[in-house]
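# Per-entry structural report
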Amino acid sequence: MSWYAGFERICRSDVPLSEYTWYRLGGPARWMIEPRDTEQLAAVVARCEDAGVTWRVLGCGANVLISDAGFDGAVIRLSEPHFLTTHFQDETVTAGAGADFPRLVRSAIERGLVGLEALAGIPGTMGGIIRMNAGGRYGEIAQFASQVTILDRERQVRTLTCAQVGFSYRHTDLEGCIVLAAALTLKTGDRAAALQRHRDIWTEKHSTQPPLAARSSGCIFKNPPGHAAGRLLDEAGLKGARAGSAQISQRHANFIVAGANTTTRDVLELIDLARERVRKNTGIELELEVQIW
Ligand code: EPU
């Protein structure tokens, strides 16, 4: 009997993960599981753990780099309707972990709820955005999150306050937990002004970063305290560096863009080169923002 007996209908084997990430790189997941609801999710995680199967939750794959060998475990996706709901009440929007974040940002603005336009152009699912406290120059999700519901390490559903989540720069204390939903508190405001700001931030990003359609994972490295990783990489002369058809972006040195025949190994080679050069130049050790599986 297979370890996932009883879950056959929601489990597939050898699923190419390149189809599930923005980078479109890397090998297959040994298994991919899409639970129907929270109860089934908890049962799946318990089964993985009993069977010694490593598991990870994948959002929309905007910030992950999958190794060429793939992922030898179970990739869980919260893609079923139960995890996709969004609900507006007064100035709060509650969204399931699988909900598409950029779409949520636009619906909030359409309703005259402002704040999230500061996070324009950040791809991700609600769960992924919370898990890594996604943000940019104009803000981060921690500023808006009032409650986060998780499946905790003991597989209990719990609702946390913002303080309990332990948000810091591109970090939360949710390692080993699964985000189920988040409530964001916004403000009633000027819809037209919010829309304009959303557009302005988009335009700014568009002119300083590779286009969203390019194959990348956004910024590769976190900004070290007091420094911009992009500038350190640029000053180390890394713009345009290539490994195979992967290239450190000419527009923004903290992006590595994949080309037609790029493999994950090429991207990893550029990551090593970038780290080494910046270390030599400045003594600073760059920390990865992208998650490598
Ligand atoms: N810079 C250079 N050369 C470069 C890139 C940047 O000199 O090649 C300089 C810029 O001129 C600027 C400074 O470095 O003075 C900072 O650059 P930027 O304003 O582009 O912002 P960033 O810190 O590199 C952050 C987020 C981005 C987010 C942008 C805009 C991190 C690691 N990065 O970039 O987030 O899009 O602000 O809001 O926090 C991501 O998280 O994946 C991401 C792309």
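For the structure itself, look to the data block above.
Described below are features of the structure shown in this document. (Residues numbered from 1 in each chain as written. Predicted model: local features only at pLDDT ≥ 70, side-chain atom pairs only at ≥ 80, totals over all residues. Heavy atoms only, no water.)

## A few points about the sheet that holds strand β15 (residues 242-243)
With antiparallel pairing, three strands are arranged side by side in an open sheet as β15-β16-β17. The sheet is open, and its two edges are formed by β15 and β17 (256-257), each paired on a single side. Pairing geometry for strand β16 (residues 246-248) and β17, over two bridges, is antiparallel. Residue pairing across strands places isoleucine 248 opposite isoleucine 256, the latter belonging to β17. The strands that helix α7 (residues 264-282) touches are β15, β16 and β17; relative to β16, the one it contacts most, it runs at about 25°. (Pairing = 2+ DSSP bridges. Helix = DSSP H or I, 4+ residues; strand = E, 2+ residues; numbered from the N terminus. Contact = heavy atoms within 4.5 Å. Axes fitted to C-alpha atoms, helices over the stretch in contact; angles between N-to-C directions.)

## Examining the nonpolar core
Of all hydrophobic cores here, the largest spans 56 residues; its most connected members are Phe101, Leu116, Met126, Ile130, Ile141 and Leu184. Among the nonpolar cores identified, the runner-up in size contains 25 residues, and Leu233, Ala241, Ala258 and Ile284 belong to it. (Core = buried A, V, L, I, M, F, W, Y, C linked by side-chain atoms within 4.5 Å. Buried < 20%, exposed > 50% of the residue type's maximum accessible area, 1.4 Å probe, protein only.)

## Quick notes on the state of the cysteines
For the structure on display, the rule yields zero disulfides. With no disulfide partner, cysteine 60 has as its closest neighbouring cysteine sulfur the one in cysteine 219, 16 Å distant. Exposure remark for cysteine 60: the relative accessible area of 25% places this residue in the partly exposed category. (Disulfide = S-S within 2.5 Å.)

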